[in-house]
Amino acid sequence: MLRVLRHAQLRMASTISTVRLNTGAEMPMLGLGTFAGTRKTRVTPVGVVGKAVEDAIEKHGYRLLDCAQNYLNEDEIGDAVKNVLKRGSVKRSDLFITSKLNNPYHHREHVLPALKKTLLDLDTPYVDLYLMHWPVAFAYVPFDPAVRGFPMSYEPDDCSNVDLATQPWVGGPRATHPKVDMTVSIRETWEAMEALVQTGLVRAIGVANFTVPLLHDLLTYAKIVPAVNQIETHPFGQQAGMNQFCRAQGIVHQAYSPLGYGEFKKNTERTVLTDPTIKGIASRVGRSPAQVVLRWHLQRGVSAIPKTINDKEMKENAALHDFSLTDADMHAIEALDQNYHYLRPRDWFGLPLWDGNLG
């Protein structure tokens, strides 16, 4: 059962609080995001994310690592975790590792092979949480299941090495985008993910980027209730309705882009951390704007996975539990909500998964 977290109820693992999932497992409320860009946009050199993972675990007490096959760096993260385990800093059971099913592998027969590839890359016998990354299937993109990592020619978002013109849905009356597979349902994918739990290769399953109507529909047939829904959430896009729905259903609301910036933010867009309200609260409590925003997430029961490779930021982001925000602070931040999204799937694959302020 999900416990609504208040400051006095935060349970400590190192310096980071945890929440009990509907499986009974404890998940850290704060984790390290590991997205470093796509093949086309990545500017972080190989090895930097791995070093950040080692530092986050050993220097700053992080235990939750948010990974995804789509990020194309799970082998790098797996090597980093292996280094930490070899040094005896932590045991595998001390860590909570999340990964995500990539869009090209939504058909029932592709779900288990995709997971096994993730386990190979992360060099781990299981993941603690496996999410459906998007409620959208892409054309199948082949990969070598026996080789760790992916070649530079592999780009799942572009469906590399796939002739999209030959796909059966292309040109049909319901086609939305050539790479969006119209022959597989969310139900088929979820049922295949439910079967993974029985294998012991995943400890919990969940979803990401689901809206309330999609989540409501899934709950009408799911044998296993998702443990987590990971969605873009920050003071400019607070997902208040989703937060309420998830609490009612025993699902943890987890925020990606919790500080309102990331690889997809345009330079012309306003920034959460420079907002006068956020900066004013930060000045009053003697904390950074990022710490104020992350503390706001925790006090509303939202798990957060900020991505950073900066050591100072990692340390600050984890130091959230010796201060709290007042009700007035929480209401002031609540007033910043604009239903704003920095991520725009309509631009990527033609589906407006969410309405609202898209800049």
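As the structure is a computational prediction, the values presented were derived from the model and not from experiment.

What counts, and where the lines are drawn
- Residues numbered from 1 in each chain as written.
- Predicted model: local features only at pLDDT ≥ 70, side-chain atom pairs only at ≥ 80, totals over all residues.
- Heavy atoms only, no water.
- Axes fitted to C-alpha atoms, helices over the stretch in contact; angles between N-to-C directions.
- Helix = DSSP H or I, 4+ residues; strand = E, 2+ residues; numbered from the N terminus.
- Parallel < 35°, antiparallel > 145°, perpendicular 65-115°, else oblique.
- Contact = heavy atoms within 4.5 Å.
- Nonpolar A, V, L, I, M, F, W, Y, C, P; charged D, E, K, R; others polar.
- Phe/Tyr/Trp six-rings, centres within 6.5 Å; stacked < 30°, edge-to-face > 60°.
- Buried < 20%, exposed > 50% of the residue type's maximum accessible area, 1.4 Å probe, protein only.
- Arc of directions from axis to C-beta.
- Expected span 1.5 Å × (residues − 1).
- Right-handed = clockwise from strand over helix to strand, strands pointing away.
- Pairing = 2+ DSSP bridges.
- Salt bridge = Lys/Arg side-chain N within 4 Å of Asp/Glu carboxyl O.

1. Regarding the packing of helix α2 (residues 74-87) against helix α3 (residues 108-122)
It is the contact of α2 with α3, at a shortest axis distance of 6 Å, that shows an interaxial angle of 45 degrees. With respect to each other, α2 and α3 are oriented oblique. In this structure, α2 contributes E74, D75, I77 and G78 to the contact, and α3 contributes T118, D121 and L122. Partitioning the contact of α2 with α3 into residue classes produces two nonpolar, two polar and three charged.

2. Some thoughts on the packing of aromatic side chains
Under the defined criterion, the tally for this structure stands at nine aromatic pairs. Seen from their ring centres, Y105 and F143 are 5.3 Å apart, and the 85 degrees between their planes marks the pair as edge-to-face. Taken as a pair, Y105 in the loop between β6 (96-101) and α3 and F143 in the loop between β7 (129-132) and α4 (186-199) lie far apart in primary sequence, 38 residues in all. A relative accessible area of 17% means that F143 is categorised as buried. With centroids separated by 5.9 Å and ring planes inclined at 85 degrees, the aromatic side chains of W134 and W348 adopt a geometry described as edge-to-face. With W134 in the loop between β7 and α4 and W348 in helix α11 (residues 345-349), this pair connects stretches of sequence that are 214 residues apart. The class for W348 is partly exposed, based on a relative accessible area of 29%.

3. What to know about helix α7 (residues 276-285)
Note: α-helices contain 3.6 residues per turn, so residues at a spacing of three or four share the same orientation. Turning to α7, its buried residues number three or more, namely I278, I281 and A282. Axial view of α7: buried residues confined to an arc of 100 degrees, hence all on one face. Those residues of α7 that are exposed and angled more than 90 degrees off the buried face are P276, S283 and R284. Packed against the buried residues of α7 are α8 (289-299) and α10 (327-334).

4. Side note on α3
The terminal C-alpha atoms of α3, which comprises 15 residues, lie 22 Å apart, in line with the 21 Å expected from a rise of 1.5 Å per residue. Residues of α3 that are buried include every one of H110, V111, A114, L115, K117, T118, L119, D121 and L122, and no others. Looking one or two places after α3, you find D123, whose phi comes out positive at around 55 degrees.

5. Notes on the pairing of strand β9 (residues 228-232)
Every other side chain in a regular strand lies on the same face of the sheet, so the side chains alternate between the two faces. With five of five residues buried, β9 is to be regarded as a mostly interior element. Of the crossover connections in this fold, the one passing from strand β8 (residues 205-208) over helix α5 (residues 212-219) to the parallel β9 is right-handed. Direction of pairing for β9 relative to strand β10 (residues 252-256): parallel, over a ladder of five bridges. Within β10, the position partnered with I231 by the bridge is A255. Note on the crossover from β9 through helix α6 (residues 240-249) to β10: the handedness is right-handed.

6. Here's the deal with the pattern of salt bridges
Throughout the structure, instances matching the rule amount to 18 salt bridges. Of the charged contacts in the structure, one is a salt bridge between R148 and D79, with a shortest N-O distance of 2.9 Å. Remark: D79 occurs in helix α2 and R148 occurs in the loop between β7 and α4; sequence separation between them is 69 residues. Look at R148 and you get partly exposed, because its relative accessible area is 33%. Residue classification places D79 among the partly exposed residues on the basis of a relative accessible area of 36%. A salt bridge links K82 to D123; the nearest nitrogen and oxygen atoms lie 3.7 Å apart. Residue K82 is found in helix α2, and its partner D123 is found in the loop between α3 and β7; the two are separated by 41 residues along the sequence. Counted as one network, the salt bridges with shared partners bring together E54, E58 and R87.

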